[in-house]
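So you can see what is in the structure, the chains are spelled out below.
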Amino acid sequence: MVGRTVLGVSHALSGAALGLGVAGFATGWSGAPPDAGGVLTFAAVCAGAALLPDLDHPSSMATTRFSWASAVASKVVRPLSGFAYRLTRAPRDTGRGTHRGLTHTALFAVGLGLGINAASAAWGAPVLLGTLFVCIALAIKGLDAIVPGPPSLLIAAGLTYAVDAWMPGGVDGTAGWLGTAVTLGVLVHSVGDAVTESGAPLLWPLPIRRRRWYPVGGPRPLRMRTGGRVETLLVAPALALAVFLLVLLVVPGAGELALQLRDRVGDLLAVREPR
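In what follows, the accompanying structure is described. Because the structure is predicted, anything quoted here is derived from the model rather than measured.

### Some remarks on the overall build of the chain
Logical step 1: Helix and strand counts for the chain stand at 10 helices and zero strands.
Logical step 2: Secondary structure elements in the chain, listed N-terminal to C-terminal, are α-α-α-α-α-α-α-α-α-α.
Logical step 3: In the chain, buried positions account for 43% of the 275 residues.
Logical step 4: Sequence separation of 24 or more characterises 67% of the internal contacts of the chain that already satisfy a separation of 6 or more.
Logical step 5: Accessible surface, the chain as shown: approximately 14,600 Å² in total, 69% of it carbon and sulfur.

In structure tokens form, the structure reads like this:
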């Protein structure tokens, strides 16, 4: 349980960091003024989507987050992944392909993003609202181990409403980038799994060493154990620091707010000091 929790936190943090970097710096390069709500929403969707690939695991955070609904989704995803594995396996492939299979591939990440874009073009707001709610709820749950709080589903519903009510263009304004944010989140999850001991079949179905489900990863001695000391004591804290710094760097107004809070705390401490 501890290992799953830590890995969930790492996935959510890596998705948030990537989302902040892409949304913050992309708007700067394009010349368009960045919007704090848009940057944070993009990052939240990336963070939540970074947990979605583990729907192929029966006890993952993504599978248990939405009660029977996500459990049913997992029961669809696992057999589908296993079917794709059996259909395309090469002579040297081993295993069943039900975990770290189809959902951990770059092709799946791109396909899911394109599917969300196509569905939102066809059905509009319901798809956009549903995607935002699911991803924000997963992001909150993924980070809950760091900052526990009230029921995350209620917070996610409130934040989804806030996006629709206060962001420029409302929820319809997310249609142009929502699928991209989901794709990036799913990709960063698979890249994160690739640096663990098991690797991830990112490049499926390309044949590599007579395998189509080749577990892409770094050199074996550098791979870390899921939920191990390296992840717990080094990777997760480094990702948390990166997210904090990126918020200050790319979210409009965040740096100024942090300075104001620092000055306010300093004033309060100065008042309480004995004379």
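### What about unusual backbone geometry?
Logical step 1: For the bond running from Trp-204 to Pro-205, omega is 10°, close enough to zero to count as cis.
Logical step 2: Phi is positive for Arg-209, which is not a glycine, with a value near 50°.
Logical step 3: Within the secondary structure, Arg-209 is located in the loop between helix 8 (178-194) and helix 9 (229-250).
Logical step 4: Its relative accessible area of 60% is what places Arg-209 among the exposed residues.

### Some details on the packing of helix 6 (residues 125-143) against helix 7 (residues 152-166)
Logical step 1: Where helix 6 meets helix 7, the axes come as close as 8 Å, and the angle between the chain directions of the two elements is 135°. Here helix 6 lies oblique to helix 7, going by the angle between them. For the pair helix 6 and helix 7, the crossing hand works out as right-handed. Packed against helix 6, whose contacting residues are Leu-129, Leu-132, Phe-133, Ile-136, Ala-137, Ile-140 and Lys-141, the element helix 7 presents Ser-152, Leu-153, Ile-155, Ala-156, Ala-157, Leu-159, Thr-160 and Val-163 at the interface.
Logical step 2: Considered class by class, the residues forming the contact of helix 6 with helix 7 number 12 nonpolar, two polar and one charged.

### Some thoughts on the packing of aromatic side chains
Logical step 1: Tallied over the entire structure, the rule returns five aromatic pairs.
Logical step 2: Between Tyr-85 and Trp-213 the ring centres are 5.5 Å apart and the planes differ by 50°, which places this aromatic pair in the tilted class. One end of the pair, Tyr-85, is in helix 4 (residues 67-88); the other, Trp-213, is in the loop between helix 8 and helix 9, and 128 residues separate them in sequence. When sorted by exposure, Tyr-85 lands in the same class as Trp-213, which is buried.
Logical step 3: Judged by centre distance (4.9 Å) and plane angle (25°), the rings of Trp-204 and Trp-213 are stacked. Grouping residues by exposure puts Trp-204 and Trp-213 together as buried.
Logical step 4: Of the aromatic side chains, those joined through ring pairs into one cluster are Tyr-85, Trp-204 and Trp-213.

### Some points on the pattern of salt bridges
Logical step 1: Going through the model one piece at a time under the given rule, you end up with two salt bridges.
Logical step 2: Two residues, Arg-100 and Asp-193, come together in a salt bridge whose shortest N-O distance is 3.4 Å. With Arg-100 in the loop between helix 4 and helix 5 (106-123) and Asp-193 in helix 8, this pair connects stretches of sequence that are 93 residues apart. Residue Arg-100 shares its accessibility class with Asp-193, and that shared class is buried.

### What about the environment of Ala-236?
Logical step 1: For Ala-236, the location among the structural elements is in helix 9.
Logical step 2: Sequence separation between Ala-236 and Leu-13 is 223 residues, and the spatial gap between their C-alpha atoms is 7.6 Å.
Logical step 3: Apart from residues no more than four positions distant in its own chain, Ala-236 is found in contact with Ser-10, Leu-13 and Glu-231.

### Brief notes about the nonpolar core
Logical step 1: Within the largest apolar cluster, 45 residues are counted, with the highest numbers of intra-cluster contacts made by Leu-20, Phe-42, Val-45, Leu-178 and Val-182.
Logical step 2: When contributions to this core are tallied by element, the ones reaching two or more residues are helix 1 (2-30), helix 2 (36-49), helix 5, helix 6, helix 7, helix 8 and helix 9.
Logical step 3: Broken down by element, this core gets its largest block of residues, eight residues, from helix 6.
Logical step 4: In contact with Leu-20, other than residues within four places in its own chain, are Phe-25, Val-39, Leu-40, Ala-43, Val-243, Leu-246, Val-247, Val-250 and Val-251.
Logical step 5: Formed by five residues, the second largest nonpolar core is a distinct cluster that contains Ala-84, Leu-102, Trp-204 and Trp-213.

### Some thoughts on a nonpolar patch on the surface
Logical step 1: Residues Leu-241, Phe-244, Leu-245 and Leu-249 make up a contiguous nonpolar surface patch of roughly 430 Å² in combined accessible area.
Logical step 2: Along the chain, Leu-241 falls in helix 9.

### Remarks on helix 2
Logical step 1: Taking 1.5 Å of rise per residue, 14 residues should cover 20 Å, and helix 2 covers 20 Å from first to last C-alpha, within 8% of that figure.
Logical step 2: By the criterion of burial, helix 2 is predominantly enclosed, with 10 of the 14 residues buried.
Logical step 3: Within the span of helix 2, buried status applies to Gly-38, Val-39, Thr-41, Phe-42, Ala-43, Val-45, Cys-46, Ala-47, Gly-48 and Ala-49.

Basis of the calculations
Residues numbered from 1 in each chain as written. Predicted model: local features only at pLDDT ≥ 70, side-chain atom pairs only at ≥ 80, totals over all residues. Heavy atoms only, no water. Helix = DSSP H or I, 4+ residues; strand = E, 2+ residues; numbered from the N terminus. Buried < 20%, exposed > 50% of the residue type's maximum accessible area, 1.4 Å probe, protein only. Contact = heavy atoms within 4.5 Å. Areas by Shrake-Rupley, 256 points an atom, 1.4 Å probe, with all protein chains shown as cover. Axes fitted to C-alpha atoms, helices over the stretch in contact; angles between N-to-C directions. Parallel < 35°, antiparallel > 145°, perpendicular 65-115°, else oblique. Left-handed = near helix turned anticlockwise from the far one by under 90°. Nonpolar A, V, L, I, M, F, W, Y, C, P; charged D, E, K, R; others polar. Phe/Tyr/Trp six-rings, centres within 6.5 Å; stacked < 30°, edge-to-face > 60°. Salt bridge = Lys/Arg side-chain N within 4 Å of Asp/Glu carboxyl O. Core = buried A, V, L, I, M, F, W, Y, C linked by side-chain atoms within 4.5 Å. Patch = residues over 30% accessible without salt bridge, like charges linked within 9 Å, V, L, I, M, F, W, Y side chains within 5 Å. Expected span 1.5 Å × (residues − 1).

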